[in-house]
There are 2 protein chains.
Amino acid sequence: MIDPRVPIATGAVPTVSGRRAAYFVSDSTGITAETLGSALLVNFPAISFEHRTIPFVDTEAGARDVVSEIDRAADAGLAPVVFTTVKQAQLRAILAEARAVTIDLLAGHLTELEEALGADASEQMGQYHGVGDMQRYQARMRAVEYAIEHDDGQSMRALDIADIIIVAPSRCGKTPTTMYLALQYGLLVANYPLTDDDFPTDSLPKMVAPYAERCFGLTTTPLRLSQVRHERRPSSRYSSLEQCTLELRRAEDLYRRNRVPFLNSSTKSVEEMSAVIMQTMKLRA
Amino acid sequence: MIDPRVPIATGAVPTVSGRRAAYFVSDSTGITAETLGSALLVNFPAISFEHRTIPFVDTEAGARDVVSEIDRAADAGLAPVVFTTVKQAQLRAILAEARAVTIDLLAGHLTELEEALGADASEQMGQYHGVGDMQRYQARMRAVEYAIEHDDGQSMRALDIADIIIVAPSRCGKTPTTMYLALQYGLLVANYPLTDDDFPTDSLPKMVAPYAERCFGLTTTPLRLSQVRHERRPSSRYSSLEQCTLELRRAEDLYRRNRVPFLNSSTKSVEEMSAVIMQTMKLRA
């Protein structure tokens, strides 16, 4: 939804003819504002929005700069839409002065919660960098390193402690899904390729067979696989529709015979695949 | 905030004495509901919440199952708090029947936007799996593979096309930050370790020196670095406070001399570091 490869110079006014500027303003990373705000804007497909994320707005001067930028965009065209997750009341008051449609993604819900729980929201809002964070950080670091070590069947070491082993033919999405599960949830995830050599037999590759109950398979459509493989090796046997059809049929047969749950990745994002895998493997709280 | 390593059996009622159940209910992955809901709950530190995410609630039967589970939790203790990002009106109506405090993170804002923009939200809500998604998927896959290939200075290949090169002493957080930038934003990120060998000189390691303007340094506190290294090699010179102090001081000198922007990772999450790096390197839209 956002293309970070196209940098917008600081101070640029992202409003071109007929497009409406959409700002995601946060006192932290901006990820929540960006994700939820973008999910809301998707529902207005007739309007073309120009996205701009402004993270770390945590001072009054910073908030005033943001207002100036938004007002410049308002002068140049349609009233911008502003999504904010800024927590401090005095900063929110400043942001509210911008000539824009401002959607506060946090404050209203906080008031709802205060009333429902009969408790005041803590003045000490925001991040907590204590021991819990340190543990989460270490778990993520360990999980990412495990994922790198065990990418594409490269290592047998400590395979017995894997939470999940993703198996699939080449280019079905093993690697990004593995990495997402490691990074987002700190899970130990290995992945193993199904190559031609693995298919003469009816059973899983020898290396992963002892851990069949932790295996999860990926598949896709032959056309999609052929397109993705074509990027890597154009006009090869490897990328031919015939070869892709054959490998996927064999892989699905293998999953079924070995009762390995599997998922078609062709219309799913990495986040969706990860959520399905965690739910299937009962790894989600 | 969530420990996915402790699976809760399906149908379990996550309410123990004195704790309040918090549900994150989504028709998709649940990531947005979980992230924003958790950010809201953090403001009530006096209350202990038991988190549970229920993704892919996209049928009436599914919604009714969720209501049953929430009502069981309500019977067992305090009224649960439910955060939902479910889009379909009839499913939201079912979820609203649960005996809980329900915070709708999406629908209210959608109405606000409809009024402000003078446009109806599309009936065709939700994900769009078209060419744009395919391109984003390919970009992420390519970026993750690039990050794996270039982890810890392993490869020189195509270093000239890196968007960012993260440099730091061992265990300052290079690898998870690299992977997050690749996965979340599709950026090409390499990372390179600063070892003792690199410090006799005043300049950056030979391999990355030609790309100094794309380098970003990490540092941390000596105590934190010593703790993290101790996990890997207890009671070694490598993990000693003395060695960590020395390496960090040298690294910071090196960054300053070569005008490499840098960041102290000791109190920051991977998401925060990534956001700072993107902002500093002007890579964020």
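Since the structure is predicted, the reported quantities are computational estimates derived from the model, not experimental observations. Each chain carries its own residue numbering, running from 1 in the direction its sequence is written. As they are written, the chains are lettered A onward and the ligands numbered 1 onward, keeping that order. The model is predicted, so local features are restricted to residues of pLDDT at least 70 and side-chain atom pairs to those at 80 or more, both for listing and for counting; the totals for chains, interfaces and linings are taken over all residues. To obtain the side-chain values, all non-hydrogen atoms of the structure were used and water was disregarded.

(A) How the structure looks around the packing of aromatic side chains. By convention, a stacked pair of Phe, Tyr or Trp rings (six-membered ring in the case of Trp) has centres within 6.5 Å and planes under 30 degrees apart, an edge-to-face pair has planes over 60 apart, and any other such pair is tilted. Enumeration according to the criterion identifies four aromatic pairs over all chains in this entry. Seen from their ring centres, Y255(B) and F262(B) are 5.1 Å apart, and the 40° between their planes marks the pair as tilted. Using a relative accessible area of 0% as the deciding quantity, one classes Y255(B) as buried. Its guanidinium or amino end placed over the ring of Y238(A), R229(A) lies 4.4 Å from that ring's centre, counting from NZ or CZ. Looking at R233(A), its charged tip hangs above the ring of Y238(A), at a distance of 4.2 Å from the centre. Accessible area is worked out with a 1.4 Å probe on protein chains only. A residue is then buried under 20% of its type maximum, exposed over 50%, and partly exposed in between. Look at NZ for Lys and CZ for Arg. If either is within 6 Å of the ring centre and within 35 degrees of the ring normal, a charge sits over the ring.

(B) Structural view of the relation of the copies chain B and chain A. The copies are overlaid by a least-squares fit using only the C-alpha atoms of residues whose pLDDT is at least 70 in both copies. Overlaying chain B with chain A gives an RMSD of 0.0 Å, the required rotation being 180° about an axis along which the chain moves by 0.0 Å. Here the symmetry operator amounts to a two-fold rotation axis. Ranked by how close their C-alpha atoms come to the rotation axis, the residues of chain B are headed by I148(B), at 3.2 Å. Any pair of residues with heavy atoms lying within 4.5 Å of one another is described as a contacting pair. Both copies share a contact surface, since 100% of the interface residues of chain B are interface residues in chain A too.

(C) Geometry of the sheet that holds strand β5 (residues 164-169) of chain A. Residues and elements named next belong to chain A. At least two bridges found by DSSP between two strands are what make those strands a pair. Only DSSP runs of H or I with at least four residues qualify as helices, and only runs of E with at least two residues qualify as strands; both kinds are numbered from the N terminus onward. Reading across from one edge, β6-β5-β7-β8 is the order of the four strands in this open sheet, with parallel pairing throughout. Only two strands of the sheet have a single neighbouring strand rather than two, namely β6 (189-194) and β8 (262-264). With strand direction ignored, the average angle separating the axes of adjacent strands in the sheet is 25°. Where β5 lies against strand β7 (residues 215-219), three bridges are found, and the strand directions are parallel. Opposite I165, over in β7, you have C215 as the bridge partner. Inter-axis angles, ranging from 0 to 180 degrees, are taken between N-to-C directions of lines fitted to C-alpha atoms, where helices are fitted over the stretch in contact. Packed onto the sheet, helix α6 (residues 174-185) meets β5, β6 and β7 and runs at close to 165° relative to β5. Packed on one face of the sheet, helix α9 (residues 270-280) meets β5, β7 and β8 and runs near 145° to β7.

Nothing here speaks to function; it is all geometry.
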